Amino acid sequence: MKGYCQMENDAVLKGKRPAGLIGRVSKPLFFIGMLLLSASCGIPPEEQETQPEELEGSRTQALSVDLDGDGTDESVTYRRTAGGFELAIDGKELGEELAAAGLRAENAHDECLAVDLDTADSFVEIAVMSDGGSADHRTDFVRFYGGGAVYLGGVPGLVNGEAPAAVPDGEGGVSSYVSFELLQRWTFPAEYRLENSRMTVEMQEFYVDEALKTFNKTALIQLAAYDSPEGDGRHVIDAGTALALYGAAPAEEPDGEGWVLAGDERGEPHYLRAAFPGAVENAAGEWTAAADAIAGLELYG
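Residues numbered from 1 in each chain as written. Predicted model: local features only at pLDDT ≥ 70, side-chain atom pairs only at ≥ 80, totals over all residues. Heavy atoms only, no water.

Here we take up the overall build of the protein chain. Within the protein chain one finds two helices and 22 strands. Looking at the protein chain as a whole, 45% of its 301 residues qualify as buried. Contacts in the protein chain between residues at least 24 apart in sequence constitute 48% of all its contacts with a sequence separation of at least 6. A total accessible area of about 14800 Å² is found for the protein chain, and carbon and sulfur atoms account for 48% of it. (Helix = DSSP H or I, 4+ residues; strand = E, 2+ residues; numbered from the N terminus. Buried < 20%, exposed > 50% of the residue type's maximum accessible area, 1.4 Å probe, protein only. Contact = heavy atoms within 4.5 Å. Areas by Shrake-Rupley, 256 points an atom, 1.4 Å probe, with all protein chains shown as cover.)

It is worth spelling out the sheet that holds strand S8 (residues 148-156) at this point. Strand order in the open sheet made by the four strands is S5-S6-S7-S8, with antiparallel pairing throughout. Every other strand in the sheet has two partners, leaving strand S5 (113-115) and S8 as the edge strands with one partner each. With strand direction ignored, the average angle separating the axes of adjacent strands in the sheet is 30 degrees. Two strands pair when backbone bridges link them, and strand S6 (residues 125-130) and strand S7 (residues 138-145) are joined in this way by five bridges, in the antiparallel orientation. (Pairing = 2+ DSSP bridges. Axes fitted to C-alpha atoms, helices over the stretch in contact; angles between N-to-C directions.)

The next thing to look at is the environment of Asp 73. If you trace the backbone, Asp 73 turns up in the loop between strand S1 (60-65) and strand S2 (74-81). The class of Asp 73 is partly exposed, set by a relative accessible area of 36%. Here Ser 64 takes part through its side chain, which lies 3.3 Å from a polar atom of the side chain of Asp 73. (Polar contact = N/O pair within 3.5 Å; in protein donor to acceptor, adjacent residues only side chain to side chain.)

With respect to the helices and strands, the residue Asp 140 is situated in strand S7. Of note is the side chain of Asp 140, whose polar atom sits 3.0 Å from the side chain of Arg 138. In this view, Asp 140 contacts Leu 103, Arg 104, Ile 126, Ala 127, Val 128, Tyr 151, Gly 153 and Gly 154; residues no more than four positions away in its chain are not counted.

This part covers the packing of aromatic side chains. Counted under the stated rule, the structure contains eight aromatic pairs. Taken together, a centroid distance of 5.8 Å and an interplanar angle of 65 degrees make the contact between Phe 123 and Tyr 145 edge-to-face. Pair noted here: Phe 123 is in the loop between S5 and S6 and Tyr 145 is in strand S7, with a separation of 22 residues, a long-range link. Between Phe 188 and Tyr 207, the ring centres sit 5.2 Å apart and the planes meet at 20 degrees, which makes this aromatic pair stacked. On the criterion of sequence distance, the pair formed by Phe 188 in strand S11 (residues 184-195) and Tyr 207 in strand S13 (residues 207-208) is long-range, its members being 19 residues apart. An aromatic cluster is present here, built from Phe 180, Trp 186, Phe 188 and Tyr 207 joined pairwise through their rings. The ring of Tyr 246 has Lys 213 sitting right over it, with the charged end atom 4.6 Å from the ring centre. (Phe/Tyr/Trp six-rings, centres within 6.5 Å; stacked < 30°, edge-to-face > 60°. Lys NZ or Arg CZ within 6 Å of the ring centre and 35° of its normal.)

The strand order across the open sheet formed by four strands is S9-S10-S11-S12, and the pairing between neighbours is antiparallel. Pairing within the sheet leaves two strands with one partner each, and these edge strands are strand S9 (167-168) and strand S12 (198-201). Relative to S12, S11 is paired through four bridges, and the arrangement is antiparallel. Following the sheet pairing, Glu 195 is matched in S12 by Arg 198.

Attention now goes to the confidence of the model for the protein chain. Residues at a pLDDT of 70 or more form 79% of the protein chain, whose mean pLDDT is 81. Summarising per-element confidence for the protein chain, the mean pLDDT is lowest in helix H1 (residues 95-100) (88) and highest in strand S15 (residues 223-225) (98). This model gives residues 1-19 a pLDDT under 50, and the stretch forms 78 contacts once residues within four places in sequence are excluded. Below pLDDT 50 for its whole length, residues 22-52 participates in 88 contacts with residues either more than four positions away or in separate chains. (pLDDT = per-residue confidence, 0-100.)

When its volume is computed, the second largest pocket comes out at roughly 310 Å³. In terms of lining, the second largest pocket is formed by 13 residues, of which the most central are Pro 156, Tyr 177, Val 178, Ser 179 and Arg 185. Of all the elements in the fold, those that place two or more residues in the lining of the second largest pocket are strand S10 (173-182) and S11. Of the residues in the lining of the second largest pocket, the class split is seven nonpolar, three polar and three charged. (1 Å grid on protein atoms, 1.4 Å probe; cavity = no way out; pocket = protein on both sides within 12 Å on 5 of 7 lines; lining within 4 Å. Points joined across faces, edges and corners; volume = space filled by probe spheres on them. Nonpolar A, V, L, I, M, F, W, Y, C, P; charged D, E, K, R; others polar.)

What follows covers the pattern of salt bridges. Enumeration according to the criterion identifies 13 salt bridges in this entry. Note that Arg 143 is salt-bridged to Asp 121, the shortest N-O span being 3.5 Å. Here Asp 121 lies in the loop between S5 and S6 and Arg 143 lies in strand S7, a separation of 22 residues in the sequence. Relative accessible area serves as the criterion here: at 9%, Arg 143 is assigned to the buried category. On the basis of relative accessibility, which here comes to 23%, the residue Asp 121 falls in the partly exposed class. Between Arg 138 and Asp 140 there is a salt bridge; the shortest N-O distance is 3.0 Å. Asp 140 gets classed as buried once you look at its relative accessible area, which sits at 0%. Three or more residues joined by partner-sharing salt bridges are found here, namely Arg 234, Glu 257, Arg 273 and Glu 281. (Salt bridge = Lys/Arg side-chain N within 4 Å of Asp/Glu carboxyl O.)

As structure tokens, then:
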């Protein structure tokens, strides 16, 4: 094991252990296959310095873990604040450095975790979890290298076993998801990988999830539809048709066009031409607001 730290507050941990989480706790904890890495909480008052405003109920978390594989534990302190979080390693405050590198943690969690993203290298990373502004849960990763911090980027989801889950595999990968908006908010499984000190995901041209074939949508107007996302075989879906939306191709540009895959109860697939974020082509070839064209959409926001 590359390092461990101890936790002196009681907790109940729930969920499945993501591969790559490391640690040891000092008191028995109830858990299902997951080991939370956390440590002696609190810093003596005489050792504290004036800090940005804390949120009510937040506390300072202290970790002792070998982050760079040199055989010596680094001292890590973490605290959630009104402006996000503070992170210091061996007494060096790294918040400004990480913010400059692009780390934003809106509604950060009270605790960070130490996560071994790749057991084949010498590093253990710090995972900073946040809930975002509208339940956009995210985990960002920080590596300690050369006496400073390297921001590795992040993934959607949480690595502490809570939903929505992001699960490290210990080989540089994290199973998570991608989300995007086109007619509605979509979420599809995705694999992220640490490459050249940066978390990356290869977006697919078209995402399909057969589990979404629930026929819980209804066409409110006549819709234009196509036999393929290349625009072949244009036809019309009648108003009142029950539809399942189970696939989508993200718009290539933020304000561009994309395709949504719909199925009817006869099993016929239909490709709907959609404009980001929420318009669909009607039978007359014009754009109609998604909420006026299809009932039952999973709206974003």
